[in-house]
Amino acid sequence: MVNFEKLYADNQSLVFGYLRRLCRDESLAEELTQETFFRAYMNLASLRKEESAPSWLCQIAKNAYFAWYNRQKRHSAPELSEELQSPEDLEETVVRKEMGRQAMEALEELEEPYRTVFALAALEDVPLGEISRRFQKSESWARVIYHRAGKKLAERMKEFL
C-alpha cells in the first residue's frame, strides 16, 4: 500500500513544476497541483508500482490541465471577431452563452451523486467505468446516475425556457 503523505512530499514540487511549465501561470499551477493530488488520492488503488508514481502523477496533472483548458474554451468571453457579426448571429451567441450559464446553475443545484457524476462524465470527459471505480460502485450504477442526472437537468432547463 502506498503512503499518500510520502507520495505527496516526494512529488509535489515535480508536479507543480510540470504544471507551471505547462500552463505558464503560477497560481493556476498551484490550483491544478491540488486537483492532481486530489485525483491521485481518489485513485490511489490504480497506482501499481510506487516507482512509477512520478509519471502517473504527471499524467494526472496533464489530464487536469486539459480538463481546465477545455472548460475555459467553453466558457470564454466572446472574441473581438464577434463584433463584426450580424445582429442575428450576436443574439444567437448571447442566447447560447446564457443557456450555458443557466445549465451550470441547474447542475450546481443537483444533489449528490448526480452533480458529481454528471460533471465528471459530461464536463471532464471521465469515462463512466472510471467514475464507477471512484465511487466504488458498478458501471451500470454510474450509467443510471448519469442518465437520471441528465433527465433532472433537462427538467430544470425547461423551467428557464
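Everything here concerns the structure above.
Residues numbered from 1 in each chain as written. Predicted model: local features only at pLDDT ≥ 70, side-chain atom pairs only at ≥ 80, totals over all residues. Heavy atoms only, no water.

Student: How should the layout of surface pockets be read in this particular structure?
Tutor: It is the rolling of a water-molecule-sized probe over the atoms that shows where space remains empty. Within this model, the largest pocket holds a volume of roughly 600 Å³. Every element with two or more residues in the lining of the largest pocket is listed here: α2 (26-42), α3 (53-74) and α6 (128-135). The dominant element in the lining of the largest pocket, judged by the number of residues it contributes, is α3, at seven residues. Of the residues belonging to the lining of the largest pocket, the class tally is 10 nonpolar, six polar and six charged. (1 Å grid on protein atoms, 1.4 Å probe; cavity = no way out; pocket = protein on both sides within 12 Å on 5 of 7 lines; lining within 4 Å. Points joined across faces, edges and corners; volume = space filled by probe spheres on them. Helix = DSSP H or I, 4+ residues; strand = E, 2+ residues; numbered from the N terminus. Nonpolar A, V, L, I, M, F, W, Y, C, P; charged D, E, K, R; others polar.)

Student: Just checking my understanding: could you explain a negative patch on the surface for this structure?
Tutor: Together, E108, E109, E155 and E159 make up a negatively charged patch on the protein surface. Put simply, the parts of the chain that give the negative patch at least two residues each are α4 (87-109) and α7 (139-160). If you trace the backbone, E159 turns up in helix α7. (Patch = residues over 30% accessible without salt bridge, like charges linked within 9 Å, V, L, I, M, F, W, Y side chains within 5 Å. Areas by Shrake-Rupley, 256 points an atom, 1.4 Å probe, with all protein chains shown as cover. Salt bridge = Lys/Arg side-chain N within 4 Å of Asp/Glu carboxyl O. Lys, Arg positive; Asp, Glu negative; His and termini not counted. Charge placed at Lys NZ, Arg CZ, Asp CG, Glu CD.)

Student: Teacher, can you tell me more about the pattern of salt bridges here?
Tutor: Oppositely charged side chains are able to pair whenever their charged atoms sit close together. Inspection of the entire model under this criterion finds eight salt bridges. Its salt-bridge partner being E111, residue R156 comes within 3.9 Å of it at the nearest N-O pair. You can see R156 sitting in helix α7 and its partner E111 sitting in the loop between α4 and α5 (114-123), a full 45 residues away along the chain.

Student: For this particular structure, what's the right way to read unusual backbone geometry?
Tutor: Only a minority of non-glycine residues have a phi that is not negative, and only a minority of peptide bonds are not trans. A cis amide bond links E112 to the next residue, P113, at an omega of 0 degrees. In this structure, R24 is a non-glycine residue whose phi angle is positive, near 55 degrees. With respect to the helices, strands and loops of the structure, R24 is situated in the loop between α1 (4-23) and α2. Looking at R24, the relative accessible area reads 73%, which means it is exposed. (Buried < 20%, exposed > 50% of the residue type's maximum accessible area, 1.4 Å probe, protein only.)

Student: Would you mind going over α1 with me for this structure?
Tutor: In an α-helix, one turn spans 3.6 residues, which is why side chains three or four residues apart end up on the same side. Where α1 bends most, at N11, the angle is about 50 degrees. Along α1, the residues classified as buried are F4, L7, N11, V15, F16, G17, L19 and C23. Where α1 is buried, its residues contact α2 and α3. Two or three places before E5, at the opening of α1, N3 has a side-chain oxygen 3.1 Å from that residue's backbone nitrogen. (Bend = angle between axes of the 7 residues up to and from the residue. Contact = heavy atoms within 4.5 Å. Polar contact = N/O pair within 3.5 Å; in protein donor to acceptor, adjacent residues only side chain to side chain.)

Student: I would appreciate a short explanation of the packing of α1 against α2 in the present structure.
Tutor: When two helices pack together, you describe them by how their axes are tilted relative to each other and by the distance separating the axes. One can describe the packing of α1 onto α2 by two numbers: an axis separation of 8 Å at closest approach and a directional angle of 140 degrees. Relative to α2, α1 is oriented oblique. The crossing of α1 and α2 is right-handed. Here F4, L7, Y8, N11, Q12, V15, F16, L19, R20 and C23 of α1 come into contact with α2, specifically with E26, L28, A29, E30, L32, T33, T36, F37, A40 and Y41. Residues belonging to the contact of α1 with α2 are distributed by class as follows: 13 nonpolar, four polar and three charged. (Axes fitted to C-alpha atoms, helices over the stretch in contact; angles between N-to-C directions. Parallel < 35°, antiparallel > 145°, perpendicular 65-115°, else oblique. Left-handed = near helix turned anticlockwise from the far one by under 90°.)

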